[in-house]
Amino acid sequence: MINSLAALPNIGPKSTQMLEQAGITSLQQLRGLGSVAAYVQVKRAGGPVSLNLLWALEAALSNQPWQEVARLHRTSLLLALEEYEKQNVMP
């Protein structure tokens, strides 16, 4: 079983570093947050993020290729991201 962020499929060294700088240091934390909240946390921590990170996070958590996630789940992830950001506005 994978326990480290660096060992996750679809998550490379730069993504791992961005997650860790945003305070996400374990697979358990990532699973607890989910891909959308983790993406927003990295973004708010000032990481140079693109939507590719969101696809990669979802792919890692669902054990799918990121390209498949980007193609098949793009709309639902973007809607979830929009809703999350509306509900969690920074003060």
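Conventions adopted
- Residues numbered from 1 in each chain as written.
- Predicted model: local features only at pLDDT ≥ 70, side-chain atom pairs only at ≥ 80, totals over all residues.
- Heavy atoms only, no water.
- Axes fitted to C-alpha atoms, helices over the stretch in contact; angles between N-to-C directions.
- Helix = DSSP H or I, 4+ residues; strand = E, 2+ residues; numbered from the N terminus.
- Parallel < 35°, antiparallel > 145°, perpendicular 65-115°, else oblique.
- Left-handed = near helix turned anticlockwise from the far one by under 90°.
- Contact = heavy atoms within 4.5 Å.
- Salt bridge = Lys/Arg side-chain N within 4 Å of Asp/Glu carboxyl O.
- Buried < 20%, exposed > 50% of the residue type's maximum accessible area, 1.4 Å probe, protein only.

Enquirer: Could you give an account of the packing of helix α2 (residues 27-44) against helix α3 (residues 51-62), naming the residues involved and the relevant values?
Expert: Here α2 crosses α3 at 160 degrees, and the two axes come no closer than 9 Å. Accordingly, the angle class assigned to the pair α2 and α3 is roughly antiparallel. Read as a crossing pair, α2 and α3 show a hand that is left-handed. Taken together, the residues of α3 that come into contact with α2 (itself represented by L27, L30, R31, G34, S35, V36, A38, Y39 and V42) are L51, L53, L54, L57, E58 and L61.

Enquirer: Give a detailed account of the pattern of salt bridges, specifying residues and quantitative values.
Expert: Summed over the entire model, instances satisfying the criterion amount to two salt bridges. With a shortest N-O distance of 3.1 Å, K43 and E85 are connected by a salt bridge. On the criterion of sequence distance, the pair formed by K43 in helix α2 and E85 in helix α5 (residues 74-87) is long-range, its members being 42 residues apart. On the basis of relative accessible area, E85 is assigned to the partly exposed category, the value being 26%.

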